[in-house]
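Residue-level structural notes
Next come the chains, spelled out residue by residue.
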Amino acid sequence: MDTSCATAAAWTCDRIEAGDGEIQAFVPEPGRRERLARAARVADERWREVDGRPPLYGVMVGVKDNVRVEGLPTRAGSDVPAEVLAGAEASLVGRLREAGALVAGKTVTAEFAVTAPGPTRNPRHPGHTPGGSSSGSAAAVAAGMVPLAVGTQTIGSMIRPAAYCGVVGFKPTHGRIPSDGVIPNAPTFDTVGLFAPDVATLAPAAVVLCDGWRPSGGGETSGGGGETAVGRRPVLGVPLGPYLDRADAEARDSFEERAGQLEAAGFTVRRVPFPDDFERVVAEQRVINRYELARTHAVWFPRHGERYREQTAAAIREGQRMTHDAYAAALRARAEFRERLVAAMDRDGIDLWITPAATGPAPYGLQSTGNSVMSLPWSYAGTPALALPAGRAANSLPLGVQCVARPGADERLLGWAPDVESVLVGTSAPV
């Protein structure tokens, strides 16, 4: 079997050319096949010996178009000239290349990773949204064009598309993957993450990209007991109350069924009221997000505002009206919420929260990327989260379960994930 980069590159181009006319997961790139053929020749020459090949050798990766890649223009889904947004390549791209991966191309994003959707369609049903803002990355993996894709999440921009498209999505702890070279939305929340068809494909890339990865399991311990992820199952917590009530009836019913399956498989599932001030969390998150978005675009928007789509412009204008005092108060509230979250996990012995990954299946139409609220408290706190495919809605579109660990426990989350995935996988047969 030929495992060369050249073969993988040609196969990927074939897949993109055959399927992306309908799905539109990738930003159009004249000369993609020639570029990848050149990169593949260099990689195959560099790593001739099979035994010396790095962990991502020959893996084709889609990279969201708010991440700068040398040799490819970055537009962040906007009509702003690429030269305005140009800059040094993101260090995460260099890490991927050093690990043997090749950049298959830029994937479509909602404009500036906010809410104005791009043209990408859901591969499971092209009449439905793939979610956003990491629309193209999730769709490219779901359509089988690439086995791995980079996305970013500010609130729900990875976990929701992963759920809508029926793939695995990993949002690490805020800051674990370097964000230099990534055009920001709101830096307090912006997090680089990954999509893959399953945890086994995703995990090696997480090791490559996350700073300070600890193979033994790492992360904070549960309840002060000093245990590692190896050799035991996590205690799962279901956060009852106004947050969980935001899921629609179908998603909630499916989630309860999946929680029951996990219990039947031997997992301990504890149902805990949390948080009791969810509406305040929503409001404070919005203040931070909009305030920082306006500052991110403080130079670009006055000069190129006529090129922005209305949804993005309205969000920036909202942020411009917010005061620094309100922003500072919201940051204090966020720090306090994060402390309460960890305290609740310690008090009730919870290793992972489990929730619906989205409020329901992907909505019909491409005018919206859907509702991000199921990701909101976890992105607000900067915790690592993982979306796993878990069942299907009545219309056959995918549903997902979200697993959330405490801050810094990324290794433990991915260490436990295959065990959870093995229980859920039988409910998520491919379309």
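These lines cover the structure that appears in this document, whether it is placed above or below. (Residues numbered from 1 in each chain as written. Predicted model: local features only at pLDDT ≥ 70, side-chain atom pairs only at ≥ 80, totals over all residues. Heavy atoms only, no water.)

**Here we look at the overall build of the protein chain**
Let me state the cut-off plainly: Where helices and strands are cited, they refer to DSSP runs of H or I of at least four residues and of E of at least two residues respectively, numbered from the N terminus. Within these notes, the globule rule equals 2.2 Å times the number of residues to the 0.38 power, and the radius of gyration is based on C-alpha atoms. Exposed residues in this analysis have more than 50% of their type's maximum accessible area, buried residues have under 20%, and partly exposed residues fall in between, with area computed by a 1.4 Å probe over protein chains only. Any pair of residues with heavy atoms lying within 4.5 Å of one another is described as a contacting pair. Only the protein chains shown count as cover for residues, with accessible areas throughout obtained via the Shrake-Rupley method and a probe of 1.4 Å. Positive: Lys, Arg. Negative: Asp, Glu. His and the chain ends are not part of the count. To locate a charge, take NZ of a lysine, CZ of an arginine, CG of an aspartate or CD of a glutamate.
Looking only at helices and strands, one finds 14 helices and 10 strands in the protein chain. In terms of overall size, the protein chain behaves like a compact globule, its C-alpha atoms giving a radius of gyration of 21 Å where 431 residues would be expected to give roughly 22 Å. Once the C-alpha set of the protein chain is aligned to its principal axes, its extents read approximately 55 × 55 × 40 Å. Out of the 431 residues in the protein chain, the part that is buried amounts to 59%. Counting contacts in the protein chain only where the partners sit at least 6 residues apart, residues at least 24 apart contribute 80% of the total. Accessible surface, the protein chain: about 16,100 Å² in total, of which carbon and sulfur atoms supply 53%. Each charge class in the protein chain can be summarised by its mean position, and for the 45 positive and 49 negative side chains these summaries are 2 Å apart.

**As for the sheet that holds strand S4 (residues 168–171)**
Using the following cut-off: When DSSP finds two or more bridges between a pair of strands, those strands are recorded as paired. Orientation is described by axes fitted as lines to C-alpha atoms, over the contacting stretch for helices, and by angles from 0 to 180 degrees between their N-to-C directions.
Read across the open sheet, the 10 strands follow the order S2-S1-S3-S5-S4-S9-S10-S8-S6-S7; overall the sheet is mixed. The outermost strands of the open sheet, each flanked by one partner alone, are strand S2 (102–107) and strand S7 (268–273). Strand-to-strand twist of the sheet, defined as the mean angle between neighbouring strand axes without regard to direction, takes the value 30°. The pairing of strand S8 (residues 352–356) with strand S10 (residues 398–404) spans 4 bridges and is antiparallel. What sits directly across from Thr355, in S10, is Gln402.

**Some points on the packing of aromatic side chains**
For clarity, the threshold we go by: A pair of aromatic rings is counted whenever rings of Phe, Tyr or Trp (Trp by its six-membered ring) have centres within 6.5 Å, and the orientation is called stacked for planes under 30 degrees apart, edge-to-face for over 60 and tilted otherwise. Our definition puts a charge over a ring when NZ of Lys or CZ of Arg is within 6 Å of the ring centre and also within 35 degrees of the ring normal.
Across all of its chains, the model carries 12 aromatic pairs by this definition. A ring pair is formed by Phe112 and Tyr308, whose centres lie 5.1 Å apart and whose planes are at 25°; its orientation type is stacked. With a gap of 196 residues between them, Phe112 in the loop between S2 and helix H5 (135–142) and Tyr308 in the loop between helix H10 (300–304) and helix H11 (310–320) connect regions that are remote in the sequence. Residue Phe112 shares its accessibility class with Tyr308, and that shared class is buried. An angle of 75° between the planes, with centres 5.0 Å apart, marks the rings of Phe301 and Tyr308 as edge-to-face. On the basis of relative accessible area, Tyr308 is assigned to the buried category, the value being 7%. Counting every residue linked through ring pairs, the aromatic cluster contains Phe189, Tyr243, Phe274, Phe278, Phe337, Trp353, Trp378 and Tyr380. Cation over ring: Arg233 sits above Phe267, and NZ or CZ is 4.4 Å from the ring centre. Above the ring of Tyr291, the side-chain terminus of Arg295 is found at 3.7 Å from the ring centroid.

**Some words on the packing of helix H1 (residues 5–23) against helix H2 (residues 32–46)**
The test is simple: Roughly parallel refers to an angle under 35 degrees, roughly antiparallel to one over 145, roughly perpendicular to one between 65 and 115, and oblique to any angle outside these ranges. A clockwise turn of the near helix away from the far one marks a right-handed crossing, whereas an anticlockwise turn of less than a right angle marks a left-handed crossing. Basically, the charged four are Asp, Glu, Lys and Arg, the nonpolar ten are Ala, Val, Leu, Ile, Met, Phe, Trp, Tyr, Cys and Pro, and anything else, Gly included, counts as polar.
Two numbers describe how H1 lies on H2: the axes approach to 8 Å, and their chain directions differ by 160°. Relative to H2, the element H1 lies roughly antiparallel. Crossing of H1 against H2: the hand is right-handed. From H1, Cys5, Ala6, Ala9, Ala10, Cys13, Asp14, Ile16 and Glu17 reach across to H2, where they touch Arg32, Arg33, Leu36, Ala40, Ala43 and Asp44. Taken together, the residues that form the contact of H1 with H2 break down as 9 nonpolar, no polar and 5 charged.

**Focus on the environment of Ile16**
With respect to the helices and strands, Ile16 occurs in helix H1. A sequence separation of 128 residues divides Ile16 from Gly144, and the C-alpha atoms of the two residues are 9.0 Å apart. Not counting the four nearest positions on each side in its chain, Ile16 is found in contact with Phe26, Arg32 and Met145.

**Things to note about the packing of helix H7 (residues 199–209) against helix H14 (residues 410–424)**
Two elements in contact, H7 and H14, have axes separated by 10 Å at closest approach and are oriented at 175°. When the interaxial angle is binned, H7 and H14 end up roughly antiparallel. Here Val199, Leu202, Ala203 and Ala206 of H7 come into contact with H14, specifically with Leu414, Ala417, Pro418 and Glu421. Taken together, the residues of the contact of H7 with H14 break down into 7 nonpolar, no polar and 1 charged.

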